[in-house]
Amino acid sequence: ETIQLPFLKQEDQPPIVPQCPSFQCVLCASSSPAVKLHEETLTYLNQGQSYEIRMLSNWKGITEMSEGRRLLRSVVRVVFHDRRLQYSERQQLESWQLNHPGDRILHLDVPLSVGVIDPLVNPNTLNTIEFLWDPSKRTSIFIQVHCISTEFTQRKNGGEKGAPFRIQMDTYKADSHGGSTEHLYSCSCQVKVFKQSLGPSASITETQQWLVRNRFSNYCRTFSNFTGADILKLSRKDLTQICGVADGIRLAHSLTARSVRPRSTLYISTERTGKKHSSNDTSQTVYQEVYLEDMTAAELTTKIADLFGIPANHIQRISKTGPQGIHILLTDTMVRHITDESCFTASLQKLPDSDGYHCILQ
């Protein structure tokens, strides 16, 4: 049976406003077959994996817009589905940020996205991204959700089930003053986010949920009393005998799957004053991991800006300390040749007559 893709449903509009633009947004990930017939679809996402949201438009209003103002602005958020968590959303997000310094809840995978113009990631709103797009052209965004559903519920209250999130998108067009504030359309869908792999510490309940998320719900009864450790002890031959050749091989591959390793990992300590550490005094220095995929100076600049909590365009120059203390301007070639798992101290120096900074890696 073909599993229906979860359309992001249109949010209720105020009855006074007769706006019904023809927009559709589709999250390209299979919805869970375990949801009851008349309940809202639920989609399980893997933490950190890129998922496409395909944006479809037959909106006739595009013809009424001038040639230079045909861009719409969309804002995508990850918010809580449960009203109980909505009341304490700010505190929940602040607590998550303290436990994950330098990380974001929602990330836009720009290299995979199509038709996205001027993407904006505000370091102060970890769960929000926004961008411009032309509704007359093909547009798809790829998002990554890095928070896990089980991080927001207590185990004594059934936390192993995990808190459901909503992926919400709001779209606006330009108003008479030139700002993109006139609301056109809102939509959302319900998701839960869990880790890519099944660990040996997984309980029976968590193991059952992993089977459902990975499309092995037909075997939930077969493995009804299995913990994660029990399933991981089974060999490939055991799995093919239990589940048949096709599903057994697929289950074996899913159990042994590993997350894709980033091309480079750097460890960076941040300073705002430009003070230098002694080369032997690292006991009090705290470093944060920075993962690079594109291996470009622009990507590294964005990651460092996130560590300092400032917009990436505020770092106008980035250099690396070279022989005899000289500053070497960082280029894409230099980034590609940085040794994996190198350690740096990043300091910001205010540029004269400017709001920007010079970032120095040493």
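Whatever comes next refers back to the structure up there.
We now turn to the structure provided with this report. Just so you know, these numbers come straight off a predicted model, no measurement behind them.

**Digging into the pairing of strand β3 (residues 42-46)**
- Counting buried positions along β3 gives five out of five residues, so the element sits mostly inside the fold.
- Of the two faces of β3, both are covered, the one formed by L42, Y44 and N46 as well as the one formed by T43 and L45.
- Sheet topology note: the β3/strand β11 (residues 182-194) ladder contains five bridges and is parallel. Bridge assignment links L45 to a residue of β11, and that residue is V193.

**Observations regarding the sheet that holds strand β15 (residues 327-329)**
- Strand order in the open sheet made by the six strands is β13-β12-β16-β17-β14-β15, with mixed pairing throughout. Here the strands that pair on one side only, and so sit at the sheet edges, are β13 (288-292) and β15. For this sheet, the mean inter-axis angle between neighbouring strands, taken without regard to orientation, is 35°.
- When strand β12 (residues 264-271) meets β13, the two strands line up antiparallel, connected through five bridges. Bridge pairing links Y267 to E289 in β13.
- Docked against the sheet, helix α7 (residues 297-308) engages β12, β13, β14 (315-321), β16 (343-350) and β17 (357-361), running at close to 155° with respect to β13.

**Some points on the pattern of salt bridges**
- One pass over the structure, following the stated rule, counts eight salt bridges.
- Residue R166 is joined to E40 by a salt bridge in which the shortest nitrogen-to-oxygen separation is 2.7 Å. Of this pair, R166 sits in strand β10 (residues 165-173) while E40 sits in the loop between β2 (23-27) and β3, and the two are 126 residues apart along the sequence.
- In this structure R166 comes out as buried when scored by relative accessible area, which is 10%.
- You can call E40 partly exposed: its relative accessible area is 26%.
- Between E94 and R90 there is a salt bridge, with its nearest N and O atoms 3.3 Å apart. With E94 and R90 both in helix α2 (residues 89-99) and four residues apart, this pair spans about one turn of that helix.
- Overall, E94 belongs to the partly exposed group, its relative accessible area being 40%.

**Digging into the sheet that holds strand β6 (residues 106-108)**
- Taken together, the four strands give an open sheet; going across it, the order is β2-β4-β9-β6, and neighbouring strands pair in antiparallel fashion. Every other strand in the sheet has two partners, leaving β2 and β6 as the edge strands with one partner each. Across the sheet, the mean angle separating the axes of adjacent strands is 30° when strand polarity is ignored.
- Relative to strand β4 (residues 51-57), β2 runs antiparallel, the two sharing five bridges.

**Section: α7**
- The first and last C-alpha atoms of α7 sit 17 Å apart over 12 residues, in line with the 16 Å expected at 1.5 Å per residue.
- Buried residues along α7 sit against β12, β13, β14, α8 (332-336), β16 and β17.
- Within two residues after α7, G309 carries a phi angle of roughly 70°, on the positive side.

**What about unusual backbone geometry?**
- For R215, which is not glycine, the phi dihedral falls at a positive 65°.
- Along the polypeptide, R215 turns up in the loop between α3 (204-213) and α4 (228-232).
- A positive phi angle, close to 65°, is found at E341, a residue other than glycine.

So, how was this worked out
Residues numbered from 1 in each chain as written. Predicted model: local features only at pLDDT ≥ 70, side-chain atom pairs only at ≥ 80, totals over all residues. Heavy atoms only, no water. Buried < 20%, exposed > 50% of the residue type's maximum accessible area, 1.4 Å probe, protein only. Helix = DSSP H or I, 4+ residues; strand = E, 2+ residues; numbered from the N terminus. Pairing = 2+ DSSP bridges. Axes fitted to C-alpha atoms, helices over the stretch in contact; angles between N-to-C directions. Contact = heavy atoms within 4.5 Å. Salt bridge = Lys/Arg side-chain N within 4 Å of Asp/Glu carboxyl O. Expected span 1.5 Å × (residues − 1).

Geometric descriptors of this kind do not, in isolation, establish any biological role.
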